[in-house]
Amino acid sequence: MTKSKRAMEHQRYVFLAAVSPLAILGVWILAVGQGWVKGTILPSPAVVVNSLVDMFENGYAGVSIFTHIGYSMMRVLTAYVIGSALGIIVGMLRGRIAWIDAIFLVPGEILRPIPPLGMIPLFILWFGVGELSKIILIFVCVFLIMMVNAHAGALACPPDSIRAAQTLGANRRQIFLYVIFPSALPQIMTGLRIAMGSALSVLVASELLGGDRGLGFLVLDASNFFRTSYVFSGIIIIGFIGLVSERGLAWISRRVVHWQGSR
Amino acid sequence: MARDLLNPILQTERPKSQTPILKFEDVGFAYDGRDILKDVSFSVRRGELIALLGPSGCGKTTILNVVAGFINASHGCAFIDGKLIDRPGPDRGVVFQSYALFDWMTVRDNITFSLRCAGKSRKERREVAERMTNLVGLGGFEDRYPYQLSGGMRQRCGLARVLAANPKVMLMDEPFAAVDVQTRETLQEEILNVKEKMGSTILFVTHSIDEAVFLADRIFVITNLAQGQYLDIPVNLPSPRSSPSNRLHPDFLALREDIYLRMRTDKPAVTAVSNEGAAK
């Protein structure tokens, strides 16, 4: 009884999740088909698909689309891996050690509200227009998100868990490794999902910093030449990468923090 | 004293030393300038189960926290086996009301956490886990996670985790407050079985008169700890203590009524009434 009800609710969930993008597509087709908007402002889905196919067949700006994707992914993943590793370490330490928290408090909070676009001129001055400044821009964004999440996770550890570990003979290192870190994992996994989304959105900004490779470059370049359908194609590729990575991280998260939500 | 961690079950005979395993000497604890404990003194012998009985906020948990080393006495001294208590340690195990199990670890890993911290081998941990789960009635559940267990089973796991560390004193802070009445009675009987087998010394905080009378060798009825006042009442019920029929024994009922009346009267309490059962 309850099982079939739950199955029905799940079916409805899947149905709505599939219908909502199709509905958007429908409105899109309708709006262009009825001539409500101009093709240069909003190209029809068919034109966008043509551009996508063209990009996959012939590349963009003389370079294979997979090269563009590869460059962007390399930048995002490098920044993401280093940024989250350092962010998690610093955030966890901030949660447990007061003097480390004190050191990062003001610089962290001053940096956090600054939009990545605002840092671009400085980064060009400091790190040039090469790979380094692009990666650092994404890195800063990922690092700050992960630091805040890991910090909150470390603070969320129930005091009784720490006390239990102490009375079972755990030393400070063991408490940190076996108790505080795992109990912060739910927040860390949430942070990893948020940071992946932000990293992809900062990617476009980072590729404003010159260069002729990458999905962000592709979108900006197409936009400069009013090739709106190519702008859309680039956006769709970025969005698709975002969707796949977010669903993948959600899947990993459910397995890593299996105890979450079932207590 | 060589404590054989490998064979805690065989350890039915412990040295019946005359020195108390746990001793409070004029312990005081103040919080925010207000005395919670003042001049609290008592001693506990090996193998005794002491129930700390009193209403919420009377300071009974504070006593437990001092013994555990979670807080330090602001006056006086607390000793475990003659050693001054100044921090938590594996010689004092705690069974928490909130279970405080590690959700990310299996029942086996929870139970053998102390052995892992002490660097014991996997093989040894498996053996201890198996023995402990059988002892507390969790056999076959070693690979489950705490969230897959009922409240009563979680607390069995909490108990086994403490037993595996083989502490000198076990501290229990209303451990069965969150389980249903039937489960609670079963668990009370099993605590007594375990105590019998292992010769454990237990400090048990509760606000239930029934629970205190059924479990304890002595009950400290907490009246006013801010002035160091409590009643020390010995319990004499037929062996085996774990027998459910004790719950209907005339002595059980009489003592329950006696304590009930003492707790309800507004008469000023006597400081540490010493009965024949009390050790000094």
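All figures in this text were calculated on a predicted structure; none of them were measured in a lab.

Visitor: Any chance you could break down the overall build of chain A for me, citing the residues and the numbers?
Guide: What chain A contains, in helices and strands, is 10 helices and zero strands. Within the span of chain A, comprising 263 residues, buried residues form 42% of the whole. Long-range pairs, those at least 24 residues apart, make up 75% of the contacts in chain A between residues at least 6 apart in sequence. For chain A, the computed accessible surface area is about 14300 Å², with 70% contributed by carbon and sulfur atoms.

Visitor: Which residues make up the packing of aromatic side chains, and what are the values?
Guide: Residues and elements named next belong to chain A. Across all of its chains, the model carries 17 aromatic pairs over all chains by this definition. A ring pair is formed by Phe139 and Phe143, whose centres lie 5.8 Å apart and whose planes are at 25°; its orientation type is stacked. One end of the pair is Phe139 and the other is Phe143, both in helix 6 (residues 131–155) and four residues apart, which spans about a single turn. Phe143 gets classed as buried once you look at its relative accessible area, which sits at 14%.

Visitor: Break down the domain arrangement of chain A for me, with residues and values.
Guide: Residues and elements named next belong to chain A. The domain boundaries assigned to chain A delineate domain 1 (1–37) and domain 2 (41–256). On a C-alpha basis, the centres of domain 1 and domain 2 stand 29 Å from each other. On the side of domain 2, six residues touch domain 1, which itself brings five residues to the contact. Of the roughly 490 Å² buried between domain 1 and domain 2, counting both surfaces, carbon and sulfur atoms make up 86%. Contact with domain 2 buries surface across domain 1, with Trp28, Val32 and Val37 losing the most and accounting together for 82% of the total. One can count zero salt bridges joining domain 1 with domain 2. If you look at where domain 1 meets domain 2, you find one residue pair in polar contact (both at pLDDT 80 or more).

Visitor: Could you give an account of empty space enclosed by the protein, with specific residues and numbers?
Guide: All names here are of chain B. This model, assessed by the stated rule, comprises two cavities of 30 Å³ or more. Of the voids in this model, the second largest cavity is the one considered here, and its volume is about 40 Å³. As for the second largest cavity, its lining consists of Val95, Gln155, Arg156, Leu159, Met172, Pro175, Phe176, Leu187 and Ile191. Secondary-structure elements contributing two or more residues to the lining of the second largest cavity are helix 5 (151–164) and helix 6 (181–198). In terms of residue count, the dominant contributor to the lining of the second largest cavity is helix 5 (three residues). Here the lining of the second largest cavity spans two domains, since at least three of its residues come from each of domain 1 (18–91 + 168–280) and domain 2 (104–166).

Visitor: Break down a nonpolar patch on the surface for me, citing the residues and quoting the values.
Guide: Residues and elements named next belong to chain A. The grouping of Leu105, Val106, Ile110, Leu111 and Ile114 at the surface amounts to a nonpolar patch, some 420 Å² of accessible area in total. Considering the arrangement of structural elements, one finds Ile114 in the loop between helix 4 (98–111) and helix 5 (116–127). The partly exposed category is assigned to Ile114, whose relative accessible area is 34%.

Visitor: Got a sec to walk through the sheet that holds strand 7 (residues 169–173) of chain B? Specific residues and values, please.
Guide: Hydrogen bonds between backbone atoms are what pair the strands of a sheet, whose relative direction is either parallel or antiparallel. All names here are of chain B. Spatially, six strands are ordered 6-7-8-3-9-10 in an open sheet, and the strand pairing comes out mixed. Pairing within the sheet leaves two strands with one partner each, and these edge strands are strand 6 (92–95) and strand 10 (229–234). Pairs of neighbouring strands in the sheet enclose a mean axial angle of 20°, with direction left out of account. Where strand 3 (residues 49–53) meets strand 8 (residues 201–206), five bridges bridge the pair, whose relative direction is parallel. Directly across from Leu53, in strand 8, lies its bridge partner Thr206.

Visitor: Which residues make up helix 2 (residues 45–58) of chain A, and what values do they have?
Guide: All names here are of chain A. The end-to-end C-alpha distance of helix 2, which contains 14 residues, comes to 20 Å, matching closely the 20 Å that a straight helix rising 1.5 Å per residue would cover. Within helix 2, burial applies to Pro45, Val48, Ser51, Leu52 and Met55. Considered in projection along helix 2, the buried side chains sweep an arc of 120° and stay on one side of the axis. Facing away from the buried side of helix 2 by more than 90 degrees, the exposed set consists of Asn50, Glu57 and Asn58.

Rules and cut-offs
- Residues numbered from 1 in each chain as written.
- Chains lettered and ligands numbered in written order.
- Predicted model: local features only at pLDDT ≥ 70, side-chain atom pairs only at ≥ 80, totals over all residues.
- Heavy atoms only, no water.
- Helix = DSSP H or I, 4+ residues; strand = E, 2+ residues; numbered from the N terminus.
- Buried < 20%, exposed > 50% of the residue type's maximum accessible area, 1.4 Å probe, protein only.
- Contact = heavy atoms within 4.5 Å.
- Areas by Shrake-Rupley, 256 points an atom, 1.4 Å probe, with all protein chains shown as cover.
- Phe/Tyr/Trp six-rings, centres within 6.5 Å; stacked < 30°, edge-to-face > 60°.
- Domains from an automatic or database assignment.
- Buried area = accessible area lost by both parts, 1.4 Å probe.
- Salt bridge = Lys/Arg side-chain N within 4 Å of Asp/Glu carboxyl O.
- Polar contact = N/O pair within 3.5 Å; in protein donor to acceptor, adjacent residues only side chain to side chain.
- 1 Å grid on protein atoms, 1.4 Å probe; cavity = no way out; pocket = protein on both sides within 12 Å on 5 of 7 lines; lining within 4 Å.
- Points joined across faces, edges and corners; volume = space filled by probe spheres on them.
- Patch = residues over 30% accessible without salt bridge, like charges linked within 9 Å, V, L, I, M, F, W, Y side chains within 5 Å.
- Pairing = 2+ DSSP bridges.
- Axes fitted to C-alpha atoms, helices over the stretch in contact; angles between N-to-C directions.
- Expected span 1.5 Å × (residues − 1).
- Arc of directions from axis to C-beta.

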